[in-house]
Amino acid sequence: MLKNDLFLRAARGEATERTPVWLMRQAGRILPQYRALRGRLSGFKELVETPELASEVTIQPVDALDVDAAIIFSDILVVPEAMGLTYEMVEARGPLFPEVIKSAADVDRLRVADPHEHLGYVLDALRITRKALNGRVPLIGFAGAPFTILAYMVEGHGSKTFSKARRLLYQEPALAHRLLEKITATTIAYLQAQVEAGAQVLQIFDSWAGILPPAHYSEFSARYIAQICAALDGLVPVTVFAKGAWWAIPEFAAMPCRTIGLDWNQDPQQVRREAGNKTLQGNLDPCALYGSREQVKAATQAMLRQFAGGPHIANLGHGVYPDTNPDNVRVFVDTVKEWRG
Ligand SMILES: Cc1c2[nH]c(c1CCC(=O)O)Cc1[nH]c(c(CCC(=O)O)c1C)Cc1[nH]c(c(CCC(=O)O)c1C)Cc1[nH]c(c(C)c1CCC(=O)O)C2
């Protein structure tokens, strides 16, 4: 059924004729066709909540960049919204929650969302996209890790420190756990529904993992990611990407996930030693794409060399930055495709 199943085979740990490649945040502002469509709409949320349009921008990078996987166009912040906390996407600023979680009563008011009732627009986008892709490449579904979602729900917006969210872990750990449990229950049902709707791979984004000390990371984040992986075990391959949490690799290695995502600060050989037989994904520095074509090619080859010795899915170490020249993204993709380690 799949014409290109390189990603799925690499995720399962099978040998592939070449390394599969895609980019986190490939659907979005690096593509002029995305910006053109986005410019005709009222805002980001209209795009996310209109399944036909979300599907269109999901497929744009498959056409324009020739990547080996599509990632459904959505956002991790649809989960807090489904639980009862609305977000706004402020132009040139980022996400904003007009109301935040401050007290036990706030946590009590949140619901464990039924994905069919509250996230039907994402499930519809997955169904439409799966059909439109017609087996060209696998479709990735995703969600934020519970801690990263808590960070936005408590802080209310992006932050360098997320100190309000981190304060909660010290001052009211029991309340933090109650919130994390509700987010986890919602996320499990949501990811299972994504698979039913057509997602063939799932990725969990723990974008703010790196701000926690290791002991807090185990207690407030890894523990819930493990529950999610256990609930999805046997369904589809799951990738865990925890930016900055280099110390947590042995913990991820013990989870029933298939792939571990690396950021650009991590050493692939070191991770291979700690991660057993997992597939590794990553990890070119997104800023390497600001170089010349020759520099991009050399940096990509150097990255590929570092992943020798086990299954690898090539990617950046975090999402592609909006001001990246798509021509250089093509050089990255083509260099991976030509590589025969
Ligand atoms: C932390 C996080 C968010 N969202 C996401 C994360 C985890 C990944 C990461 O760490 O980068 C995940 C996400 N957000 C988006 C996708 C779409 C699929 C893809 O990867 O191409 C994915 C997988 C679309 C988006 N999500 C957002 C945009 C840009 C909004 C626009 O088009 O105006 C897109 C394309 C907005 C967004 N959404 C979020 C922020 C902080 C912002 C503003 C900053 C930014 O623009 O990157 C929250």
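Bear in mind the structure is a predicted one, so any value in this text is a computation, not a measurement.

The rules we used
- Residues numbered from 1 in each chain as written.
- Predicted model: local features only at pLDDT ≥ 70, side-chain atom pairs only at ≥ 80, totals over all residues.
- Heavy atoms only, no water.
- Salt bridge = Lys/Arg side-chain N within 4 Å of Asp/Glu carboxyl O.
- Helix = DSSP H or I, 4+ residues; strand = E, 2+ residues; numbered from the N terminus.
- Buried < 20%, exposed > 50% of the residue type's maximum accessible area, 1.4 Å probe, protein only.
- Phe/Tyr/Trp six-rings, centres within 6.5 Å; stacked < 30°, edge-to-face > 60°.
- Lys NZ or Arg CZ within 6 Å of the ring centre and 35° of its normal.
- Arc of directions from axis to C-beta.
- Contact = heavy atoms within 4.5 Å.
- Pairing = 2+ DSSP bridges.
- Right-handed = clockwise from strand over helix to strand, strands pointing away.

J.: Can you lay out the pattern of salt bridges for me, pointing to particular residues and giving the numbers?
T.: Pairs can form between side chains of opposite charge once their charged atoms are near each other. Per the stated rule, a full pass over the model turns up 12 salt bridges. With a shortest N-O distance of 2.9 Å, R18 and D68 are connected by a salt bridge. Note that R18 is positioned in the loop between α1 (6-11) and α2 (32-39) and D68 in the loop between α4 (51-65) and β1 (70-71), a separation of 50 residues in sequence. Close ionic contact of D334 with R330 constitutes a salt bridge, the shortest N to O distance being 3.6 Å. Remark: R330 and D334 occur in helix α16 (residues 326-338); sequence separation between them is four residues, near one turn of the helix. Accessibility expressed as a relative area gives 27% for D334, which makes it partly exposed. Classification of R330 by relative accessible area gives partly exposed; the value is 29%. One salt-bridge network, in which partners are shared between bridges, spans D5, R9 and E17.

J.: Tell me what's going on with the packing of aromatic side chains, and back it up with residues and numbers.
T.: Under the definition given, this model contains 10 aromatic pairs. Plain terms: the ring middles of Y34 and F73 are 5.6 Å apart, the flat faces sit at 50° to each other, and that makes the pair tilted. Within this pair, whereas Y34 is found in helix α2, its partner F73 is found in the loop between β1 and α5 (78-83), the two being separated by 39 residues in sequence. Classification of Y34 by relative accessible area gives buried; the value is 4%. A relative accessible area of 7% means that F73 is categorised as buried. On the basis of an interplanar angle of 90° and a centroid distance of 5.6 Å, the ring pair of F142 and F205 is categorised as edge-to-face. In this pair, F142 sits in strand β4 (residues 139-144) while F205 sits in strand β5 (residues 201-206), placing the two residues 63 residues apart along the sequence. As far as burial versus exposure is concerned, F142 and F205 are alike and both buried. Ring-pair connections join several aromatic residues into one group, and the members of that group are Y217, W246, W247 and F252. Note that K45 overlies the ring of Y87, its terminal NZ or CZ placed 4.2 Å from the centroid.

J.: Now, about α2: what can you tell me, with residues and values included?
T.: Taken as a whole, α2 has its buried residues at Y34, L37 and R38. The buried residues of α2 all sit within an arc of 100° when viewed along its axis, so they share a single face. Against the buried residues of α2 lie α3 (44-49) and α4.

J.: I'd like a description of the environment of G84, backed by residues and values.
T.: As for its position among the elements, G84 is in the loop between α5 and β2 (88-90). Sequence separation between G84 and H157 is 73 residues; the distance between their C-alpha atoms is 16 Å.

J.: Provide a residue-level description of the pairing of strand β9 (residues 312-316), including the pertinent values.
T.: Counting buried positions along β9 yields five of five residues, so the element is predominantly enclosed. In β9, alternate side chains face the same way, and those of H312, A314 and L316 on one face and I313 and N315 on the other are all buried. The pairing of strand β8 (residues 279-284) with β9 spans five bridges and is parallel. Its bridge partner lying in β9, L280 is registered against H312. Running through helix α15 (residues 293-306), the crossover from β8 to the neighbouring parallel element β9 is right-handed.

Honestly, it's all geometry; don't read function into it.
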